[in-house]
Amino acid sequence: MYIKEIKVPISGTEQTLYVTDQKDTAEELRGAGEAVLIYLHSGNRSQDFSSYLFAVEDPEDLEPEYVERVYRRLKGLPWNILETDRCLIRETTPEDVEVFYRIYSNPAVTRYMEELYPEVEQEKQYVREYIEKIYTFYGFGVWTVVEKGSGAVIGRAGVSYREGFEEPELGFIIGAPWQRNGYAYEVCEAILAYAAAALGFTKLQALVETENLPSIRLCRKLGFDYDSRITLREREYYRLIITELPPWRGELV
């Protein structure tokens, strides 16, 4: 039997990720609330590990970033995606939702944005499903933007797929109190660089309503070019494309 404890630094504390190759042991550990990573090899292929999210074939050569992200996913903690000079971009949690409603309550912010669900609990459930089905499956999506100095949630930004389009799409929203301070450009430029360096994307789109002049100017500044004009749900959009993504200038979180 193989079992290994890997220490994981989380928010100033040291947690434990268990690695095992036996289902009985894995079940016992998981039942006790522990985070469990499965070690797959030729001797345990007959065991059913289908209910486990993560498995590896070489448990002695795991990158610290991978270990931390496995632990975070198994414990329901958000992944930290990247940092800029002033912001942390991390996965969204249900706890962010009430802040989103305050941000979206400003008509100037939501004029060109899709609205949240009518009820807070509906939106929280959507976030829970998004974590399970989008973050876990794709490893990316729309994230939460946090101002590092204050710890305040100031918006959302990220990369996602829109039904009917092949290219991944950049999306962003920054709350009114933080607008006109360069946050949107700072965050979006970093996300585009991350999309190239970490996700391997070479081409992204942005769909911007034709009357949304500030977002059009931002996309132009980021390097997007006009591709076409389209209609979605009776609204007119410019489809903008970027193929020369900015270089990554730091270490991935």
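Before reading further, recall that the structure is shown in the block above.
Described in the following lines is the structure provided in the data block. (Residues numbered from 1 in each chain as written. Predicted model: local features only at pLDDT ≥ 70, side-chain atom pairs only at ≥ 80, totals over all residues. Heavy atoms only, no water.)

## Some words on the pairing of strand β6 (residues 87-90)
Okay, step 1: Of the two faces of β6, both are covered, the one formed by C87 and I89 as well as the one formed by L88 and R90.
Okay, step 2: For strand β5 (residues 80-83) and β6, the ladder comprises three bridges, and the chain directions are antiparallel. By the bridge assignment for β6, E83 is matched with L88. (Buried < 20%, exposed > 50% of the residue type's maximum accessible area, 1.4 Å probe, protein only. Helix = DSSP H or I, 4+ residues; strand = E, 2+ residues; numbered from the N terminus. Pairing = 2+ DSSP bridges.)

## Considering unusual backbone geometry
Okay, step 1: The phi torsion at R180 lies on the positive side, around 65°, for a residue other than glycine.
Okay, step 2: Mapped onto the secondary structure, R180 falls in the loop between β9 (169-174) and α6 (183-197).
Okay, step 3: Not every positive phi belongs to a glycine, and R233 is a case in point at roughly 50°.
Okay, step 4: The topology assignment puts R233 in the loop between β11 (225-232) and β12 (235-242).
Okay, step 5: With relative accessibility at 67%, the residue R233 sits in the exposed group.

## Digging into a nonpolar patch on the surface
Okay, step 1: Together, F137, Y138 and Y161 make up a nonpolar patch on the protein surface, roughly 360 Å² of accessible area in all.
Okay, step 2: Note that Y161 resides in the loop between β8 (153-160) and β9.
Okay, step 3: Looking at Y161, the relative accessible area reads 40%, which means it is partly exposed. (Patch = residues over 30% accessible without salt bridge, like charges linked within 9 Å, V, L, I, M, F, W, Y side chains within 5 Å. Areas by Shrake-Rupley, 256 points an atom, 1.4 Å probe, with all protein chains shown as cover. Salt bridge = Lys/Arg side-chain N within 4 Å of Asp/Glu carboxyl O.)

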